[in-house]
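# What the coordinates show
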Amino acid sequence: MRQWKKALVLAAVMLVLAGCGKTQEKTVLQDGTFTAQMMEYSHGWREFLTITVKNGVIVTAEYNAENAAGFIKSWDNAYMNNMKSVTGTYPNEYTRYYATQLKGMSELPDIDALTGATSSGNNFKRLSEAVFEKAAGGDTAIAWLESLEQEDE
């Protein structure tokens, strides 16, 4: 009878341990460079996010916007001065702030919004989701996103 009890206890322990071994599958980012970009220009600028993944971790992230001529928004000093006086932030500050949140990550983090750059923050979240999806699948084609105004129509 003792051996029967030992066998029963051993079976119960094995079931418990088997359940503990199950972990939630983690999305693995593929190595490469992945880009997401807005389809439309907003106020003359089209936002984009490009990440580079190495060994499953983001090693670089560039978030910015460009005009039709390819000029980068964070280089526009006149725009910077106008925006900073109104909102308290400017493109060279908030693009770096947002991109830094992705560096060193292997999973999509919760993005902290920056006061004064809410619209760009919302676009950054959407662009981040798109590049993570591309990186998870190893798809290096650009992900084109419609603006929220376009999607609502």
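Model, not experiment: these values are computed from the prediction.

Moving on, we come to the nonpolar core. Counting 25 residues, the largest nonpolar core has Leu-49, Ile-51, Ile-58, Tyr-63 and Leu-102 as its most contacted members. Apart from the residues within four sequence positions on either side, Tyr-63 is in contact with Glu-47, Phe-48, Leu-49, Tyr-94, Thr-95, Tyr-98, Ala-99, Ser-120, Asn-123, Phe-124 and Leu-127.

Let us now look at the layout of surface pockets. Picture a little ball the size of a water molecule; that probe, rolled over the atoms, points out where space is still empty. By volume, the largest pocket is sized at about 460 Å³. Broken down by secondary-structure element, the contributors of at least two residues to the lining of the largest pocket are strand S2 (46-54), helix H2 (77-87), helix H4 (118-137) and helix H5 (148-152). Sort the elements by how many residues they give to the lining of the largest pocket and H4 lands first, with 5 residues. A class-by-class count of the residues in the lining of the largest pocket yields 8 nonpolar, 10 polar and 5 charged.

What follows covers the packing of aromatic side chains. Enumeration according to the criterion identifies 7 aromatic pairs in this entry. Here the aromatic rings of Tyr-94 and Tyr-98 are separated by 6.4 Å at their centres, their planes lie at 65 degrees, and the arrangement is edge-to-face. Placement of both Tyr-94 and Tyr-98 in helix H3 (residues 91-100) is noted, with a separation of 4 residues, approximately one turn of the helix. With a centroid separation of 5.5 Å and an interplanar angle of 70 degrees, the aromatic rings of Tyr-97 and Tyr-98 are classed as edge-to-face.

Let's shift gears to a nonpolar patch on the surface. On the surface, Met-39, Ile-142 and Trp-144 cluster together into a nonpolar patch covering about 280 Å² of accessible area. Structurally, Trp-144 is set in strand S4 (residues 143-145).

Following the sequence through the fold, Asn-123 ends up in helix H4. Looking at Asn-123, the relative accessible area reads 13%, which means it is buried. Apart from the residues within four sequence positions on either side, Asn-123 is in contact with Met-38, Glu-47 and Tyr-63.

To continue, consider the pattern of salt bridges. Using the criterion set out here, one finds 2 salt bridges in the structure. In this structure, Glu-66 engages Arg-46 in a salt bridge whose closest nitrogen and oxygen atoms are separated by 4.0 Å. Of the two residues, Glu-66 sits in strand S3 (residues 57-66) while Arg-46 sits in strand S2, which places them 20 residues apart along the sequence. Accessibility expressed as a relative area gives 15% for Arg-46, which makes it buried. Lys-134 is paired through a salt bridge with Asp-139; the nearest N and O atoms lie 2.8 Å apart. You can call Asp-139 partly exposed: its relative accessible area is 35%.

Cut-offs applied
- Residues numbered from 1 in each chain as written.
- Predicted model: local features only at pLDDT ≥ 70, side-chain atom pairs only at ≥ 80, totals over all residues.
- Heavy atoms only, no water.
- Core = buried A, V, L, I, M, F, W, Y, C linked by side-chain atoms within 4.5 Å.
- Buried < 20%, exposed > 50% of the residue type's maximum accessible area, 1.4 Å probe, protein only.
- Contact = heavy atoms within 4.5 Å.
- 1 Å grid on protein atoms, 1.4 Å probe; cavity = no way out; pocket = protein on both sides within 12 Å on 5 of 7 lines; lining within 4 Å.
- Points joined across faces, edges and corners; volume = space filled by probe spheres on them.
- Helix = DSSP H or I, 4+ residues; strand = E, 2+ residues; numbered from the N terminus.
- Nonpolar A, V, L, I, M, F, W, Y, C, P; charged D, E, K, R; others polar.
- Phe/Tyr/Trp six-rings, centres within 6.5 Å; stacked < 30°, edge-to-face > 60°.
- Patch = residues over 30% accessible without salt bridge, like charges linked within 9 Å, V, L, I, M, F, W, Y side chains within 5 Å.
- Areas by Shrake-Rupley, 256 points an atom, 1.4 Å probe, with all protein chains shown as cover.
- Salt bridge = Lys/Arg side-chain N within 4 Å of Asp/Glu carboxyl O.

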